[in-house]
Amino acid sequence: MGEKIIGIMGAMHEEIDGIAALMSHVQTEEMGGRTYHSGSIGSVRVVLTFSRWGKVAAAVTATHLILKYGVTDIIFTGVAGAIDPELHVGDIVLAQRLIHHDLDGRPLMPRYEVPLLGMTWFPAHEDHLQRAGSVIQRLLDSGTLISAISPERLHLFGIEHPKLYIGDIASGDQFISAQQHRDAITEHLPDILCVEMEGAAVAQVCYEYGVPCSVIRTISDTADDRSHIDFSRFIPVAGTYAVQMISAILAQM
Ligand code: ADE
């Protein structure tokens, strides 16, 4: 098998800047309104880019990484709004499967099914899940992850013992900030852990091109009427989480 090239997509500039600082031999290229940073982290070749927000932006970016840069794998990092009441700000969700919660082609096809593809849930790649799951659990158990964040920030968000959850994530082109909106999503998808705006699109593109992928989300808010405030305040912390998780995962590749 040829050398792996890992596409890393982030939904926040803070994540990209932190991960870019880990890279060596970097070349950058601008295309389609994105900046692609190619280089290495440790001994692993990577192409890093800011996906922008929403499913179209993420799908275009993933496609570009695959076709132009020949990435063999994609890892997406970003934040998410918690839906499962067990989750707290600072917890991490590793997607097992992803669904488009705003896709509805009824009566032509079942709700959530991607037209003409016949798929509803897009699974993360098993090897990615295993590797990311054990690496992130270790970062949490050892206290390494939270020791990279200032005590003031941890206190601000009430982060004490962040946990890793592995389960289903729902993506849509909406920022969820109202109980009514949450209820409309969970009425038909009661078991999802969190919501975000890109993951299912990336997972769908990766499924269609046969590229292994994973989506890692840190909980920034609880998808309710304060979500826009919590989300904005949490962004710098999300950058630190992404740097810690990505560098530890790549060290295992
Ligand atoms: N990403 C982070 N928080 C979110 C929310 N509340 N809705 C959608 N995407 C998010």
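Quick caveat: nothing in here was measured; it's all calculated off a predicted structure.

Basis of the calculations
- Residues numbered from 1 in each chain as written.
- Predicted model: local features only at pLDDT ≥ 70, side-chain atom pairs only at ≥ 80, totals over all residues.
- Heavy atoms only, no water.
- Helix = DSSP H or I, 4+ residues; strand = E, 2+ residues; numbered from the N terminus.
- Buried < 20%, exposed > 50% of the residue type's maximum accessible area, 1.4 Å probe, protein only.
- Contact = heavy atoms within 4.5 Å.
- Areas by Shrake-Rupley, 256 points an atom, 1.4 Å probe, with all protein chains shown as cover.
- Lys, Arg positive; Asp, Glu negative; His and termini not counted.
- Charge placed at Lys NZ, Arg CZ, Asp CG, Glu CD.
- 1 Å grid on protein atoms, 1.4 Å probe; cavity = no way out; pocket = protein on both sides within 12 Å on 5 of 7 lines; lining within 4 Å.
- Points joined across faces, edges and corners; volume = space filled by probe spheres on them.
- Near = heavy atom within 4 Å.
- Polar contact = N/O pair within 3.5 Å; in protein donor to acceptor, adjacent residues only side chain to side chain.
- Nonpolar A, V, L, I, M, F, W, Y, C, P; charged D, E, K, R; others polar.
- Axes fitted to C-alpha atoms, helices over the stretch in contact; angles between N-to-C directions.
- Parallel < 35°, antiparallel > 145°, perpendicular 65-115°, else oblique.
- Left-handed = near helix turned anticlockwise from the far one by under 90°.
- Pairing = 2+ DSSP bridges.
- Expected span 1.5 Å × (residues − 1).

Asks: Got a minute to help me understand the overall build of the protein chain in this structure?
Replies: Along the backbone of the protein chain there are eight helices and 10 strands. With the C-alpha coordinates aligned to their principal axes, the bounding extent of the protein chain is approximately 50 × 45 × 30 Å. By the burial criterion, 54% of the 253 residues in the protein chain qualify as buried. Nonlocal contacts in the protein chain, meaning residues at least 24 apart in sequence, comprise 76% of its contacts between residues at least 6 apart. Surface accessibility of the protein chain: about 11,200 Å² in total, with carbon and sulfur atoms responsible for 53%. Each charge sign in the protein chain was given a centre, from 17 positive and 30 negative side chains, and these centres are 3 Å apart.

Asks: So what exactly am I meant to see when it comes to the layout of surface pockets here?
Replies: Any empty space left between atoms is shown by rolling a water-sized probe over those atoms. Within this model, the largest pocket holds a volume of roughly 240 Å³. Lining the largest pocket are 19 residues, with V79, F175, E196, M197 and F231 positioned closest to its centre. Those elements giving two or more residues to the lining of the largest pocket turn out to be β5 (73–82), β9 (194–196) and β10 (213–221).

Asks: So what exactly am I meant to see when it comes to the site of the ligand here?
Replies: In the vicinity of the ligand lie 13 residues, with G81, F175, I176, E196 and D221 positioned nearest. A distance of 2.8 Å separates a nitrogen atom of the ligand from a polar backbone atom of I176. Starting from 260 Å² of accessible surface for the ligand in isolation, the protein chains cover 98%. No other element matches the three residues that β5 contributes to the shell around the ligand. Looking at the shell around the ligand residue by residue, the classes come out as eight nonpolar, three polar and two charged.

Asks: Honestly, the packing of helix α3 (residues 126–141) against helix α8 (residues 227–250) in this entry has me stumped. Any pointers?
Replies: Look at α3 against α8: their axes get within 9 Å of each other, and the N-to-C directions meet at 125°. As the angle between them shows, α3 and α8 are arranged oblique. For α3 against α8, the interelement crossing comes out right-handed. Here R131, A132, V135, I136 and L139 of α3 lie close against α8, whose contacting residues are Q244, M245, A248 and I249. Split into classes, the residues belonging to the contact of α3 with α8 amount to seven nonpolar, one polar and one charged.

Asks: Is there a simple way to think about the pairing of strand β1 (residues 5–10) in this case?
Replies: Regular strands have side chains that alternate between both faces of the sheet. Burial analysis of β1 places six of its six residues in the buried class, which makes it a mostly covered element. Going residue by residue along β1, you find I5, G7 and M9 tucked away on one face and I6, I8 and G10 tucked away on the opposite face as well. Sheet topology places β1 next to strand β4 (residues 44–50); six bridges connect them, and they run parallel. Counterpart to I8 in the pairing with β4 is L48. Summarising the sheet, β1 and β5 pair through five bridges and their orientation is parallel. Paired with G10 across the two strands is T77, which belongs to β5.

Asks: How do you make sense of the pairing of β4 when you look at a structure like this?
Replies: The element β4 is extensively covered by neighbouring structure, given that six of its seven residues are classed as buried. Sheet topology note: the strand β3 (residues 34–41)/β4 ladder contains six bridges and is antiparallel. Across the sheet, the residue bridging to G39 is V46, located in β4. Hairpin connection between β3 and β4: a loop of two residues separates the two successive antiparallel strands, and G42 in this loop has a positive phi of roughly 60°.

Asks: What exactly am I supposed to notice about helix α2 (residues 55–69) here?
Replies: Since the α-helix turns once every 3.6 residues, residues separated by three or four places project in the same direction. For α2, built from 15 residues, the straight-helix expectation of 21 Å at 1.5 Å per residue is met to within 8% by its first-to-last C-alpha distance of 20 Å. Listed as buried for α2 are K55, A57, A58, T61, A62, H64, L65, I66 and Y69. At the C-terminal side of α2, G70 shows a positive phi close to 60°.

Asks: Help me understand the packing of α2 against helix α7 (residues 199–209), please; the structure alone is not making it clear to me.
Replies: In helix packing, the relevant descriptors are the interaxial angle and the interaxial distance, both defined with respect to the helix axes. Contact pair α2 / α7: the axes reach a minimum separation of 8 Å and the direction vectors enclose 35°. The handedness of the crossing between α2 and α7 is right-handed. Touching K55, A58, A59, A62, T63, I66 and L67 of α2 are A201, V202, V205 and Y209, all from α7. Among the residues forming the contact of α2 with α7, the class breakdown is nine nonpolar, one polar and one charged.

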